[in-house]
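Below are the chains, spelled out letter by letter.
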Amino acid sequence: RFSYAQDIWGYNNGKTSNTTNIPTIPELTLMGIPAHADRNVDTNYTKSGIIKQIVYPTGGSLNFTFENNRDDANALVGGLRIKRIINYDSVASKSLVTEYRYNDDNGVSTGYVATRPSFHYFYDTGDQGQANCRISGDPVYPLFGNQGSPITYTRVEKVEIGDNQEYKSRHHFYSDLSGFNISPDATYRNYSIGVPFNKPPDLQRFSYHPYSTEVFK
């Protein structure tokens, strides 16, 4: 929590040589502001401490495989998504494998990021139209848009494999974020004022609810 070894989403990235948590971004570089933290996603350190297996007293087990989130540009996004779960029955010596797939028919990820971390914002001082820039090592607004998850998916396939059979279901999710201005400047100006702070909109109410499921046998 208090380490500088974090990616921009707040997950461990193992960069213990960081001496600040302010990342290097073009806007700050142009203004001559030193910021040198490496806050890129590290696919190995993101998985630090993640659960791998549950062993039951009867001898069976659940085995989990996670992978990093990716958006529709195939860019790494903070956090993990479940890739595979293997349910092993030690009595029958059989396994049920459940796989989750997040790409569309063209192999492109269906992941979408509504709000990305921003570490600075501009505000008007009221002095002849001059604007100041405020910088923070933490995002200047919370990642409230997805209620804790930095990414959501519009389509997820679930494939269950066992006893030489395969059962596949495809789940679709919809969203309607029209009318929301979620840029860093507008977000801070509209929601991070007042005592207590104005409550930001709950974008989860308007996005990524299941609307259809296809089943394949």
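No experiment lies behind these values; they were computed from the predicted model shown.

Quick notes on the rules
Residues numbered from 1 in each chain as written. Predicted model: local features only at pLDDT ≥ 70, side-chain atom pairs only at ≥ 80, totals over all residues. Heavy atoms only, no water. Helix = DSSP H or I, 4+ residues; strand = E, 2+ residues; numbered from the N terminus. Buried < 20%, exposed > 50% of the residue type's maximum accessible area, 1.4 Å probe, protein only. Areas by Shrake-Rupley, 256 points an atom, 1.4 Å probe, with all protein chains shown as cover. Phe/Tyr/Trp six-rings, centres within 6.5 Å; stacked < 30°, edge-to-face > 60°. Salt bridge = Lys/Arg side-chain N within 4 Å of Asp/Glu carboxyl O. Pairing = 2+ DSSP bridges. Polar contact = N/O pair within 3.5 Å; in protein donor to acceptor, adjacent residues only side chain to side chain. Contact = heavy atoms within 4.5 Å.

**Details of the overall build of the protein**
No. 1: In terms of helices and strands, the protein carries two helices and 11 strands.
No. 2: Mapped from its N terminus to its C terminus, the protein presents α and β elements in the order α-β-β-β-β-β-β-β-β-β-β-α-β.
No. 3: Out of the 217 residues belonging to the protein, those deemed buried represent 32%.
No. 4: Accessible surface for the protein amounts to roughly 13200 Å². Of this, 50% is attributable to carbon and sulfur atoms.

**A short note on the packing of aromatic side chains**
No. 1: Scanning the model with the defined rule gives two aromatic pairs in all.
No. 2: Geometrically, the ring pair formed by tyrosine 102 and tyrosine 153 is tilted, given 4.8 Å between the ring centres and 50° between the ring planes. Placement of tyrosine 102 in the loop between β4 (94-101) and β5 (111-112) and of tyrosine 153 in strand β8 (residues 152-153) is noted, with a sequence separation of 51 residues between them.
No. 3: By relative accessible area, tyrosine 102 is classed as buried at 8%.
No. 4: Assessed through its relative accessible area of 11%, tyrosine 153 is described here as buried.

**Examining the pattern of salt bridges**
No. 1: By the definition in use, this model includes 10 salt bridges.
No. 2: Linking lysine 15 and aspartate 42 is a salt bridge whose minimum nitrogen-to-oxygen distance equals 3.2 Å. Placement of lysine 15 in the segment before α1 (26-30) and of aspartate 42 in the loop between α1 and β1 (53-55) is noted, with a sequence separation of 27 residues between them.
No. 3: Take lysine 15: its relative accessible area is 22%, and that puts it in the partly exposed class.
No. 4: Between arginine 155 and aspartate 105 there is a salt bridge; the shortest N-O distance is 3.2 Å. Here arginine 155 is found in strand β9 (residues 155-162), whereas its partner aspartate 105 is found in the loop between β4 and β5, with 50 residues between them in sequence.
No. 5: Overall, the relative accessible area of 9% leaves arginine 155 in the buried class.
No. 6: Judged by relative accessible area, which is 63%, aspartate 105 ranks as exposed.
No. 7: Each of Asp105, Arg155, Glu157, Arg170 and Glu214 takes part in a single network of salt bridges with overlapping partners.

**Notes on the pairing of strand β2 (residues 61-70)**
No. 1: With respect to burial, β2 is a largely interior element, seven of its 10 residues being buried.
No. 2: Looking at chain direction, β2 and strand β3 (residues 76-89) are connected through 10 bridges and run antiparallel. Residue asparagine 63 lies in a different strand from β3, and its bridge partner there is isoleucine 86.

**So, the side chain of serine 61**
No. 1: With respect to the helices, strands and loops of the structure, serine 61 is situated in strand β2.
No. 2: Judged by its relative accessible area of 8%, serine 61 falls in the buried class.
No. 3: At 3.2 Å, the side chain of serine 61 and the side chain of asparagine 63 are in polar contact.
No. 4: In contact with serine 61, not counting residues within four places along its chain, are Gln53, Ile54, Val55, Tyr56, Ile86, Asn87 and Tyr88.

Honestly, that's just the spatial picture; any functional story needs more than this.
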